[in-house]
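Report on the structure
Chain by chain, the residues run as shown.
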Amino acid sequence: MTKKSSIWSVIGASSAGTLIEWYDFYIFGSLATIISQHFFPSGNETVALLSTLATFATGFIVRPFGALIFGRMGDVVGRKHAFMVTLLLMGASTMGIGLLPSYEQIGIFAPILLLILRLIQGLALGGEYGGAATYVAEHAPPERRGFYTSFIQTTATLGLFVSLGVILVTRLSLGEEAFTDWGWRLPFLLSVYLVFFSWYIRKSMAESPLFEAAKKKGNLSTNPIRDSFMVPENRRMVILALFGATAGQGVVWYTGQFYALYYLQTVMKIDFVLANKIIAVALLCGTPFFIFFGALSDKIGRKNIMMSGMLIAALSYIPIYKAMVANADNAPLLTFLIFIQVIFVTMVYGPIAAFLVELFPTNIRYTSMSLPYHIGNGVFGGLVPFIGTVMVAKTGDIYSGLYYPIAIALITFVIGMIYIKEDRNHKAWST
């Protein structure tokens, strides 16, 4: 356990890098409607947008593979080494998207190269989050683990907020025509400076004390993938973590933040700048609640808060989106309705880092927690915008896109309530 005076430097260094990786990952999604114009054939805007969203989704789908690759590296070589590599990979691929020629310039190679760079982004993020969450948790005192790890949880939303902020500043500075033509590339190119800043902070960090203790005792796993998924007890916990926690958490996360943005722009036809402002304000107002619910989980348990968030979200989405449609011209009310969805996000996401690290022992923790997290978020959650957009386009029912996240949240709630038995101190300090 780290001294109280140094825990904040651990959180700061971990959070800075994770925030930048989320920024890199999400500027693609925030600019999907514009990217679709540059990297796919013109003629059908809906098809181009769906193609872009599908490319966006591939970054989520490969995240579990990144979790396995870098999770193994983190459990065998060290937490720090793994998330230094992921940071550099993310930065390089993001800058590459900013430099990539358009469909008009290189034809079919444009969407192919875009897909490849998006896959690299997904692999990198698949290794980043588990390392950062594990690193902070292994420095934190057990009675405050939910509170301290909740700062890592803010980085995903803050990364989205920063991406929206940079996009809005660039868009307002250049004007709509220049931004749509070439200015959209600037947020991607800015990544190189942010990555260098984070790398500089992280390079002086020490390794996790629990990892070092396990290493000295000879208790590290030589094959954490095998030990995570072939040992029955560990495999059972990985499966329960996915279907009883992270799948529902993932769909709530992406409904409240990304699907809401697409819905404002594509279904409600809200102006691009106004839609991004609405989401940005809602995110900024909601972010402190990640820490609130993380700290609260230290007192009343992670599971209780997460399951409540999933159930309330599932029951509330249809009424909330109907209220959004009915008040399309009322920006303050729309912001409030998005803010409510962000509160659901903070309930399910704030405690989950502490929840996941406490399920597994030190020698397989990075690998074991990363896989269910990234399947739940990357696959179940990451597909929310794409599935929602497809369902609305096919059925004509503007609320049909909500049926998928509602169903997944309810299924996860039932499984989590029945099968997950929370113990906030179980295995948390075993080496």
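Check the entry above for the structure.
Everything in this summary refers to the structure shown in the same document. (Residues numbered from 1 in each chain as written. Predicted model: local features only at pLDDT ≥ 70, side-chain atom pairs only at ≥ 80, totals over all residues. Heavy atoms only, no water.)

Considering the overall build of the protein
Our working rule: Helix and strand assignments follow DSSP, with helices taken as H or I runs no shorter than four residues and strands as E runs no shorter than two, numbered in order from the N terminus. Using C-alpha atoms as the atom set, the radius of gyration is obtained and then compared with a globule rule of 2.2 Å times the number of residues to the power 0.38. Method for areas: the Shrake-Rupley scheme with a 1.4 Å probe, in which residue coverage is limited to the protein chains shown. This count recognises Lys and Arg as positive and Asp and Glu as negative, with His and chain-terminal groups excluded. Every charge is mapped to an atom, namely NZ of Lys, CZ of Arg, CG of Asp or CD of Glu.
Each helix and strand in the protein was counted, giving 22 helices and 0 strands. A compact globule built from 431 residues would reach a C-alpha radius of gyration of about 22 Å, and the protein, at 20 Å, matches this within 12%. By principal-axis analysis of the C-alpha atoms, the protein measures approximately 60 × 45 × 40 Å. When the accessible area of the protein is evaluated, it comes to approximately 15,700 Å², of which 68% is carbon and sulfur surface. Of the charged side chains in the protein, 30 are positive and 22 negative; the average position of the first set lies 9 Å away from that of the second.

Thoughts on the side chain of Gln121
Heads up, the condition is: Each residue is assigned to one of three classes by its accessible area relative to the maximum for its type, calculated with a 1.4 Å probe on protein chains only: buried under 20%, partly exposed between the two thresholds, exposed over 50%. Throughout this description, a polar contact denotes any pair of N or O atoms lying within 3.5 Å of each other; where both atoms belong to protein, one of them has to be capable of donating a hydrogen while the other can accept it, and for residues adjacent in sequence the pair is counted only when both atoms sit in side chains. Should any heavy atoms of two residues lie within 4.5 Å, those residues are considered in contact.
With respect to the helices and strands, Gln121 occurs in helix H7 (residues 109-137). Take Gln121: its relative accessible area is 0%, and that puts it in the buried class. Of note is the side chain of Gln121, whose polar atom sits 2.9 Å from the side chain of Thr94. In this structure the side chain of Gln121 is engaged in a polar contact, spanning 2.8 Å, whose partner is the side chain of Arg118. In this view, Gln121 contacts Asp24, Phe25, Met90, Ser93, Thr94 and Ile97; residues no more than four positions away in its chain are not counted.

Things to note about the packing of aromatic side chains
Quick note on the threshold: Centre distance within 6.5 Å is the pairing criterion for rings of Phe, Tyr and Trp, where only the six-membered ring of Trp is used; planes under 30 degrees apart are then read as stacked, over 60 as edge-to-face, and the remainder as tilted.
Counted according to the given criterion, the structure contains 25 aromatic pairs. Both rings, one in Trp8 and one in Phe151, keep their centres 5.2 Å apart while their planes meet at 90°; by these two values the pair is edge-to-face. Here Trp8, found in helix H1 (residues 4-30), pairs with Phe151, found in helix H8 (residues 145-174); they are 143 residues apart in sequence, far enough to count as distant. Taking relative accessible area as the criterion, Trp8 reaches 40% and is therefore assigned partly exposed.

Concerning the pattern of salt bridges
Should their charged atoms come close, side chains of opposite charge can pair. Our working rule: Should a side-chain nitrogen of Lys or Arg be within 4 Å of a carboxyl oxygen of Asp or Glu, the pair is scored as a salt bridge.
The tally for this structure, following the rule as stated, stands at 8 salt bridges. Between Glu138 and Arg365 there is a salt bridge whose closest N-O contact spans 2.8 Å. In this pair, Glu138 is assigned in the loop between H7 and H8 and Arg365 in helix H20 (residues 365-381), connecting sequence segments 227 residues apart. Take Glu138 and Arg365: they sit in the same class, and that class is buried. Salt-bridge contacts for Glu358 lead to Arg145; the nearest nitrogen and oxygen are separated by 2.7 Å. In this pair, Glu358 is assigned in the loop between helix H19 (352-357) and H20 and Arg145 in helix H8, connecting sequence segments 213 residues apart. With a relative accessible area of 3%, Glu358 lands in the buried category.

Remarks on the packing of helix H17 (residues 302-326) against helix H22 (residues 403-419)
A pair of packed helices can be characterised by two numbers: the angle between their axes and the separation between those axes. Basically, it comes down to this: Where helices are involved, their axes are fitted lines through C-alpha atoms of the stretch in contact, as for all axes, and angles between N-to-C directions lie from 0 to 180°. Each angle gets one of four labels, with under 35 degrees taken as roughly parallel, over 145 as roughly antiparallel, 65 to 115 as roughly perpendicular, and the rest as oblique. Crossing handedness: left-handed means the near helix sits turned counterclockwise from the far one by under a right angle, and right-handed means the same turn made clockwise.
Put simply, H17 and H22 touch, their axes get as near as 9 Å, and they point 150° apart. The orientation of H17 relative to H22 falls into the category roughly antiparallel. Read as a crossing pair, H17 and H22 show a hand that is left-handed. Contacts between H17 and H22 involve Lys303, Met307, Met310, Leu311, Ala314, Tyr317 and Ile318 from the first element and Tyr403, Ile406, Ala409, Leu410, Thr412, Phe413, Gly416 and Met417 from the second.

Notes on the side chain of Arg171
Checked against the element boundaries, Arg171 lands in helix H8. In contact with Arg171, not counting residues within four places along its chain, are Glu176, Phe179 and Val273.

Observations concerning the nonpolar core
Selection criterion: In this description, a nonpolar core means a group of buried Ala, Val, Leu, Ile, Met, Phe, Trp, Tyr and Cys residues linked to one another through side-chain atoms lying within 4.5 Å.
Of all hydrophobic cores here, the largest spans 123 residues; its most connected members are Tyr26, Tyr321, Met324 and Tyr349. The biggest single contributor to this core is helix H14 (residues 232-267), with 18 residues. In contact with Met324, not counting residues within four places along its chain, are Tyr263, Leu264, Met268, Leu334, Leu337, Ile338 and Gln341.

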